[in-house]
Each structure stands twice: as structure tokens, then as C-alpha cells.
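What the coordinates show
Listed below are the residues making up each chain.
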Amino acid sequence: MKKSLVKKVLSFVLSSGILLGGGISVLADERSPEGSDVIEEEEDIVSEDAAAYGSGLSEIPINSTYFPDETFRNLLKQSKYDSDENGYLSEEEIDYIWKLDLYDMNISSLKGIEYLTNLRELYTVGTDLLSIDISANPGLKLAYQTGEMEEIGDYAIDYMCYDKSWLYQYRSITVDNSTMVTCYKGFGWNRGSKGWWFKYADGSYPKDCLKNLGGFLYCFDEEGYCITNTWKEIDGEWYRFGSDGAALFDWQKINGKWYSFNISYQMHHDYYLVSYIPAFAGEELKYEVYYLDSDGAMATGWQYIRGEWRYFNSSGVMQTDWVNVSGKWYYFEKGKKEENVKMITGWKQIDGTWYYFKSSGAMAENEYCNGYWLNSDGSWTYKHVASWKQNSKGWWYGDDTGWYAKNETLTINGKSYNFNSAGYCTNP
């Protein structure tokens, strides 16, 4: 049975004795500072008693001081978490610890979990835990404070939130009914007079850096405040940080233009993006190709890219095969790679029929090109070749059947010519 998890009920907060700590990690608009229900406020600088990250611990020892529970400590010593097996958790190793499955383990304390700030999923069913403090774990707080609560039988509770726009779409925490979850300490996200900052369990805070917290990437300025609504170039790559401070991912519309960001949150630029369309077994694999220009904006319309003309519709999809642009037909031939598309010029046989495409790429129709007549649908079916001829009376245009133009206007090699009743051109 699912229940909506409502954390605004004051009577629940007071009766349980749990003060729900807050932060900027919430669903969609709730992940922004303005959307948080409960926050820790700092009116002046980041914090007088907090140390800039780097003056605190850059590596966390995996010992009994930081992780007193032996089973939990031994788990973290495994190469899955301590990849170099040196007995310390580095910043990079902490970034990669996003899930802990402690099912049925003999664990009675999770002290030390506050250092694992990038956790997104925690499962503790079957342990001996009486309480868990997730004050410094924004991903778990996001699930606990804003997700849906589901009772699992009569023995466990799951808190889970989901958003398909997130790079990592789930945040969840599952505990025994007897385990109390608290998040009341001043760790995690705090708000000062200049914005939001993040307090680690040792009192230090990140500054002038990128940091993964709870499955989101944030950027902190030189004073330690989280930047928002800002483009940022870092090591030659561009990032965009949204209104909640989290780096943007996937397609994003910014100031009327579309941009795309990869799984490292870096903006694509001068880049072909191939999007594959799901298909059933046996079906032909289909895809759409987009182009992000040198400024990162999605291209539309005509684009001259790496020596070739391509055309992108209003949705940014590169067009192939027959394409009508402003009443004129063009043909774009696919290459071996998805992005290798060539606009055809000159003669081209398509499905057994010959067509002629001008230097602009536009299909010739109702006109002569190099002596050949192209029908109204662009096809070439009349095999006789016409040419210009001249006598003492002027220029005229005809072919080897005896036909010649008269009392009409013809388009010949892109120019209109008028012919009188005698067949002579009046504007040679």
C-alpha cells in the first residue's frame, strides 16, 4: 500500500522528536533552495566554524574511529569501494559509492555514512540498526523527505523518488520498521546570505570545485557557495548549472535555444548527436541525427558542415532522402555512418529514374539542363538532346527530331528565354 509522504505535518514532527533537516536536493522545483520545506540558515559567511574543503580531511580513513561498526568497516575496505585498497576513501572513491546494499548484514551502526555524500540508494533491511542519521546524505534525504512511502509487508518501509529528467533517475532508502531515520543535524545543505553551501561531517565545505552530492553535480565558487543559473567553463568544457544549482543533463532549452549535455554534464559542441529510436526484434534500427554547432546550440535549417551542405528541420533532425525546402526538392544521400549525409548535385538515378540536381542542390523540373528535358516531377524520360543553333536571323533552340521552341518561354540551364512565333529567341 502506497502512501503520500507528507513531511509538513507539525504534529508528526513534534511527536516523533525528529526535526527534518533540509537542503536544495528535492524533486524538480523542490530541489531548488526556494522549494525546500526545512532548511538550515546561516546569515553571514559560509560558517565561522567551518573549514574550507582541503583544510579538512581529503581522505577518510577506514578505521574504527570513523566507521566503528566492524562489519560496515570491512565492507568499505573491499576493492568495490576502496579501489586501491589503501585503507582510505578518496574523494574519487566516495563519488563512486552511490549504492549500499546491507541486506541481512550484522550491522548495528552506520556511523561514518555521513562521509559518503554521493549515496543515492541505501538498503538496510534485516540489520540490527535502531537508527540511521542521513543528515549529510542529500540523495537519501531527497528520497526520505520528498519521495513516496511504501510499506513492504509488515517489516520494512521504502522511501523512493523518481524523475526521468535526472541522469540517475532514482533515489531510495529502505529500512526495517524498527529503524528510525533522522536528518536533523546541521550537516549537508545550508543557506547563507550569499546563497547555498554544503557542510561536510567534519565541518569542512567544498569551494572552487565541482562536487558530486547525492547523484547531482554542483559547482562551488571561491567562497564555497553553490552557483546557479550560470554557464561555467572548466578545463575547456562548458557546463550549465540550473536554478537549483545542479548541472544540467540531456536536452535543455536555454534562452530560446536547445543545447545537449553528455553524461559528464559537459555541453556538446561541433558535434553530431545520434539518437536511436527503440525498435522491436527484427525491425530496422532507426535513428535521428542532430548537430550542435560551435556554440553548442542545436542547428536548424541549412548548415554547411565540414565541406558538405546539410538540412535540419525545425526540430533539429537532419534530413535524408527526398526533402522539400521552400517548394524545391533536394536529395540527401546517406553514407556508411549516420552523420555522413551528402546533398546530391548533378545527375542521380533514384529508384531506377534519372534526375538532375543543380549546383544549388535543387532538383531541375520543367526545364532543360545541358540539353536534356526534365519533366514536372523532375524525371528524365525524353531522350533527345536539344542545343542552341544560329543562322542569319538569330538564335533558336531545338533537337534532332526537328522540334524547336516557338511561341513559348523555356528555362534552359537556369535562365528563362522567350521564343517568337518563328522560333527565334528574343532575349538571347
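Now for a description of the structure that goes with this document.

The helix and strand tally for the chain stands at four helices and 35 strands. Per-residue burial over the chain gives 46% buried out of 428 residues. Partitioning the intrachain contacts of the chain with sequence separation of at least 6 by distance along the chain shows that 45% fall at a separation of at least 24. Here the chain has roughly 22,200 Å² of accessible surface; of this, 46% comes from carbon and sulfur atoms.

A word on the pattern of salt bridges. Within the structure shown, the criterion is met by six salt bridges. Note that D95 is salt-bridged to K211, the shortest N-O span being 3.8 Å. With D95 in helix α3 (residues 91–96) and K211 in strand β15 (residues 209–213), this residue pair connects regions lying 116 residues apart in the sequence. Owing to a relative accessible area of 21%, D95 belongs among the partly exposed residues under this scheme. Overall, K211 belongs to the buried group, its relative accessible area being 4%. Across the pair D270 and R306 runs a salt bridge, and its minimum N-O distance is 3.5 Å.

This paragraph deals with the environment of K415. With respect to the helices and strands, K415 occurs in strand β35 (residues 415–419). On the accessibility criterion, K415 (41% relative accessible area) is partly exposed. Among residues more than four places away in sequence, those in contact with K415 are L410 and N427.

Turning to the sheet that holds strand β25 (residues 321–325), a few remarks are in order. Read across the sheet, three strands follow the order β25-β26-β27 without closing on themselves; strand pairing throughout is antiparallel. A strand with exactly one partner marks an edge of an open sheet, and here the two such strands are β25 and β27 (341–343). Averaged over neighbouring strand pairs, the angle between their axes works out to 35° when direction is ignored. Where β25 meets strand β26 (residues 328–334), five bridges bridge the pair, whose relative direction is antiparallel. By the bridge assignment for β26, N324 is matched with W329.

Negative phi characterises most residues that are not glycine, and trans characterises most peptide bonds. Phi is positive for D208, close to 50°, though the residue is something other than glycine. Here D208 shows up in the loop between β14 (204–205) and β15. Even without glycine at this site, N407 takes up a positive phi of about 50°. The residue N407 is located in the loop between β33 (394–399) and β34 (408–412) in this model. The exposed category is assigned to N407, whose relative accessible area is 57%.

It is worth spelling out the pairing of strand β12 (residues 188–192) at this point. Most of β12 is tucked away: four of the five residues are buried. Where β12 lies against strand β13 (residues 195–199), five bridges are found, and the strand directions are antiparallel. When the sheet's bridge partners are listed, W189 is paired in β13 with F198. From the end of β12 to the start of β13, which pair antiparallel, there are two residues.

Rules and cut-offs
Residues numbered from 1 in each chain as written. Predicted model: local features only at pLDDT ≥ 70, side-chain atom pairs only at ≥ 80, totals over all residues. Heavy atoms only, no water. Helix = DSSP H or I, 4+ residues; strand = E, 2+ residues; numbered from the N terminus. Buried < 20%, exposed > 50% of the residue type's maximum accessible area, 1.4 Å probe, protein only. Contact = heavy atoms within 4.5 Å. Areas by Shrake-Rupley, 256 points an atom, 1.4 Å probe, with all protein chains shown as cover. Salt bridge = Lys/Arg side-chain N within 4 Å of Asp/Glu carboxyl O. Pairing = 2+ DSSP bridges. Axes fitted to C-alpha atoms, helices over the stretch in contact; angles between N-to-C directions.

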